[in-house]
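Each chain is listed here by its residues.
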Amino acid sequence: METSTKLRYQPLSTSSSIRLLRIRKFVSTLQYDLIEVDLENNPVYDALSYTWQKQSSTTSGIDSEFGGSINCNGMKLDVTANLRDGLLRLEQLRQETLIWIDAICINQQDLEERSAQVNMMGRIFRSARTVVVWLGEPRSGSEVQTVEETIRFMEGLPCIKEQQYESVSDYEDAAVAALLEMTVVALNSEWLALGDIIFHRSWFRRCWIIQEVVLASVIQVYYGLTQIPWGLLQNAARLLDVVRRRNFFTQFWRHGQTTIIGSIPMILLAREHCHRGKLWRFETHIALSRTYQVTDQRDKIFALLGISDRSSLESPVVKLSAFNADYTKSIEQVYTECAAHLIEGQAGYTVLSMVEARSYPAPRPIPSWVPDFSVPPSPPPLAIHGQCPFSAGGLIGPLLTRPTVSLDMKELHLPAAARLGRISRTSETGEEMCSLERMTHFFRLLADPALRLAKSATPAAAEALWRTLIANFAEEQHPAPASLGTSFAQWITYLIVRALDTASHASAHAADHFPDGEFPPEPTPTFNSPVRDFIGSGLHTTTLRSAPPEYRYADVRAAVDDFIAAWDGAIPLRELLDATRMAVAAGDRARLNLTRRFAGTFVWMCSARRVFSTEQGDLGIAHQSARVGDEVVVVSGAAVPFVVREVEGGAYVLIGEAFVHGAMSGEALEGKDPLALEGLHMV
């Protein structure tokens, strides 16, 4: 029965009341009852997990298409196209069912009710009989067939329980052995279909699914009318991540879903821990969810409250006000209050590691020490990497050395900090270097006679160099395995070859790049060979761009020569260069393949970081926003050093965290009284 009257929500009776949608039997399509129940009475119901928006081909993966309206209690309620599709399927699959759906069961226009219900969502999903996952409708008839074929592929995958192994590495080794034995790693198209058809659905990029999956007792997944067993899906997600990590198919990992695929196993692990009664800390969930999408950016915080150990939001020394979902507050207020609670709470300085480089257009008007949780972390934080292995500032000191936030939440006071020195040189970002766009500053920095490591130029100094470039992390290990040194030496050799080759091409069309009568050298054979293609692949570069006009061959040659002169005693560069040129000429890819381990780690760690040196000769890596004149400081109690920049009035803005060779285990504060250190005011 058609109606033009819009649904009028009645206030809920109690603080534990919710609404449920009744899918009736043998009634007209899209007509439902909306009833109120009290969770204290233990009602039996299901909960729907879905995306508000329909699957889209846009770069964001979502669109705002509305599907019309449904009839609730004889009144009209507008819904999105994806939800309407899901309701039509539910009418076929789950008649005579009570189901909780956020967009329908919460009065979204009543901010007070919306806040209260979101604060209850952990209980709502924990109490549901089943969480029904709606992935959406297949985009075509052929996709239905592909989905069925993909399910059969998942059924043939080895089922390996993570709980049976002591470490992630052991699980991965067992998974790889089983995959190789079944020869499924050779089925390239099957893995691509699994990633593109299943895990590329927008549901997997939605932040709210983290809570819904973690808390669900039973999960049922539907793709149109096709049900995908949850056990198959989670096993496939774990194995797909192993395939990604081991680089079986490098062309697959150019897709945008790479980060999401890598985080799905973490969600599954959080689910296992939750069902054993152990919740992860709030800041851990925040760090893992930065790449997920929400319609309302405040939900980047609110969507995680129901599954988190909130002790991070409580101070061990002062009483803080409760932090809950509140939609009457702006995005900026929510982010600032969240950061303040965490900093003054048990999370402490870990929050400062979440601050991203504010180089994107129109950054939010929030203090520099507050992360903008609406954007992905760039670069990935050092201090939030499982159990953080660093202790640059030692253990948190007495009450007088704890950070405090001003009452207006505009300033952060760091009471005890030691200055490591000002940045005197910076290199190109890792992205610029790996795209072969420019790397002259990188070679000049490492050849600087003032650099302590370059002064000694011993094998130990070379090891310290490559460990610094990757923050001593590799293959989820700290410290990075020593065997990575061989890969580094070959990587830096190929970087030299490519730097000279790129410069010669850039200069070939610019006569003023060379003195009168001098001509650019012929490019090495790498430029038109499979070797060059390999270096330009997704593992080594983000985008291969032509070098800028100012990329003069003479400048590059001088920088490279200085680097070789400074480091040849520690790294056999001349020997490696001769062997590499011979290998290139012979089409031998063995040496090039050797660079894979270090190149992949460097790209992951430094694509949005710069190498820097200080006036004191220290070497480190920091945010891409770091520049000459910034200061590097170690804060008492912080795991990592930070880069700060002085502004008007003697205050500082936070640029981001840093890794500094020789300063990651408390060396900067040895023998110093924390109470005698100076304080810094961050704005």
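Note that this is a predicted model, so its numbers are computed, not measured.

Caption draft 1: Layout of the packing of aromatic side chains. Using the criterion set out here, one finds 15 aromatic pairs in the structure. Ring geometry for Phe302 and Tyr327: centres 5.1 Å apart, planes at 75°, overall edge-to-face. Here Phe302, found in helix H11 (residues 299–302), pairs with Tyr327, found in the loop between strand S11 (308–309) and helix H12 (331–344); they are 25 residues apart in sequence, far enough to count as distant. Assigned by exposure class, Phe302 and Tyr327 land together as buried. Judged by centre distance (6.2 Å) and plane angle (35°), the ring pair of Phe488 and Trp491 falls under tilted. With Phe488 and Trp491 both in helix H17 (residues 484–507) and three residues apart, the pair spans about one turn of that helix. In this structure, Phe488 and Trp491 share a single accessibility class: buried.

Caption draft 2: Just helix H20 (residues 573–586), in detail. Helix length check: H20, at 14 residues, gives a terminal C-alpha distance of 20 Å against a target of 20 Å (1.5 Å per residue), a fit within 8%. The set of residues buried in H20 consists of Leu573, Leu576, Leu577, Ala579, Thr580, Ala583 and Val584. Phi for Gly587, located one or two positions after H20, is positive at around 75°.

Caption draft 3: Representation of unusual backbone geometry. Omega for the bond connecting His478 with Pro479 falls within 30 degrees of zero, at -5°, which places this linkage in the cis form. Here Pro479 shows up in the loop between helix H16 (459–469) and H17. Look at Asn42: it is not a glycine, yet its phi comes out positive at around 55°. Note on placement: Asn42 falls in the loop between strand S2 (31–38) and strand S3 (46–49). For Asn42, a relative accessible area of 64% puts it in the exposed group.

Caption draft 4: Here's a closer look at the packing of helix H4 (residues 141–155) against helix H8 (residues 230–245). At a closest axis distance of 9 Å, the pairing of H4 and H8 adopts a crossing angle of 75°. By the angle between their axes, H4 is roughly perpendicular relative to H8. Of the residues in H8, those touching H4 at Ile151, Met154 and Glu155 are Leu232, Leu233 and Ala236. Class assignment of the residues belonging to the contact of H4 with H8 gives a composition of five nonpolar, no polar and one charged.

Caption draft 5: How the structure looks around the nonpolar core. Counting residues in each nonpolar core, the largest one holds 193 residues, and the members touching the most others are Trp100, Ile104, Phe443 and Trp567. At 11 residues, H17 tops the list of elements feeding residues into this core. In this view, Ile104 contacts Tyr9, Leu21, Leu34, Ile70, Cys72, Leu77, Val79, Leu83 and Leu87; residues no more than four positions away in its chain are not counted. Counting residues in hydrophobic clusters, the runner-up holds 19 residues, among them Ala418, Leu420, Val643 and Leu677.

Caption draft 6: Just helix H7 (residues 208–215), in detail. Within H7, eight of the eight residues are buried, which leaves it mostly tucked inside the rest of the structure. For H7, the full list of buried residues reads Trp208, Ile209, Ile210, Gln211, Glu212, Val213, Val214 and Leu215.

Caption draft 7: Local environment of the pattern of salt bridges. Enumeration over the complete set of coordinates arrives at 30 salt bridges. Ionic pairing is found between Glu631 and Arg419, a salt bridge with its closest N-O pair at 2.8 Å. Highlighted residues: Glu631 in strand S16 (residues 631–635) and Arg419 in strand S13 (residues 412–429), separated in sequence by 212 residues. Under the relative-accessibility criterion, Glu631 is labelled buried at 7%. Residue classification places Arg419 among the partly exposed positions, given a relative accessible area of 34%. Residue Glu631 is joined to Arg422 by a salt bridge in which the shortest nitrogen-to-oxygen separation is 3.6 Å. Of this pair, Glu631 sits in strand S16 while Arg422 sits in strand S13; the two residues are 209 residues apart in sequence, bridging distant segments of the chain.

Caption draft 8: Inspection of the pairing of strand S6 (residues 97–100) at higher detail. Bridge count for strand S1 (residues 17–23) against S6 is three bridges, and the pairing is antiparallel. Residue Ile23 lies in a different strand from S6, and its bridge partner there is Thr97. Across two bridges, S3 lies against S6 in parallel orientation. Its bridge partner being in S6, Asp46 is matched across the sheet by Ile99.

Caption draft 9: Fine view of the side chain of Ser374. Within the secondary structure, Ser374 is located in the loop between H12 and strand S12 (404–405). Judged by relative accessible area, which is 17%, Ser374 ranks as buried. At 2.6 Å, the side chain of Ser374 and the side chain of Asp372 are in polar contact. Ignoring anything within four residues of it in the chain, the contact list for Ser374 reads Gln297, Lys300, Tyr335 and Arg364.

Caption draft 10: Just the confidence of the model for the protein, in detail. Confidence in the prediction of the protein, expressed as mean pLDDT, is 85, and 83% of residues score 70 or more. Segment residues 56–64: pLDDT under 50, and 15 contacts once partners within four positions in sequence are set aside and those in other chains are kept. For the stretch residues 250–256, pLDDT sits under 50, and the model shows 17 contacts to residues farther than four places along the chain or on other chains.

Caption draft 11: Examining the pairing of S1 more closely. Counting buried positions along S1 gives six out of seven residues, so the element sits mostly inside the fold. In this sheet, S2 lies alongside S1 in antiparallel orientation, the contact comprising six bridges. Paired with Leu20 across the strands is Ile35, a residue of S2.

Caption draft 12: Broad picture of the packing of helix H19 (residues 553–567) against H20. Remark: H19 packs on H20, axes separated minimally by 9 Å, with the N-to-C direction vectors making an angle of 125°. Relative to H20, the element H19 is oriented oblique. The segment H19 lies against H20, with Phe563, Ile564, Ala565 and Trp567 engaging Leu573, Arg574 and Leu577. Class assignment for the residues of the contact of H19 with H20 results in six nonpolar, no polar and one charged.

The rules behind these values
- Residues numbered from 1 in each chain as written.
- Predicted model: local features only at pLDDT ≥ 70, side-chain atom pairs only at ≥ 80, totals over all residues.
- Heavy atoms only, no water.
- Phe/Tyr/Trp six-rings, centres within 6.5 Å; stacked < 30°, edge-to-face > 60°.
- Helix = DSSP H or I, 4+ residues; strand = E, 2+ residues; numbered from the N terminus.
- Buried < 20%, exposed > 50% of the residue type's maximum accessible area, 1.4 Å probe, protein only.
- Expected span 1.5 Å × (residues − 1).
- Axes fitted to C-alpha atoms, helices over the stretch in contact; angles between N-to-C directions.
- Parallel < 35°, antiparallel > 145°, perpendicular 65-115°, else oblique.
- Contact = heavy atoms within 4.5 Å.
- Nonpolar A, V, L, I, M, F, W, Y, C, P; charged D, E, K, R; others polar.
- Core = buried A, V, L, I, M, F, W, Y, C linked by side-chain atoms within 4.5 Å.
- Salt bridge = Lys/Arg side-chain N within 4 Å of Asp/Glu carboxyl O.
- Pairing = 2+ DSSP bridges.
- Polar contact = N/O pair within 3.5 Å; in protein donor to acceptor, adjacent residues only side chain to side chain.
- pLDDT = per-residue confidence, 0-100.

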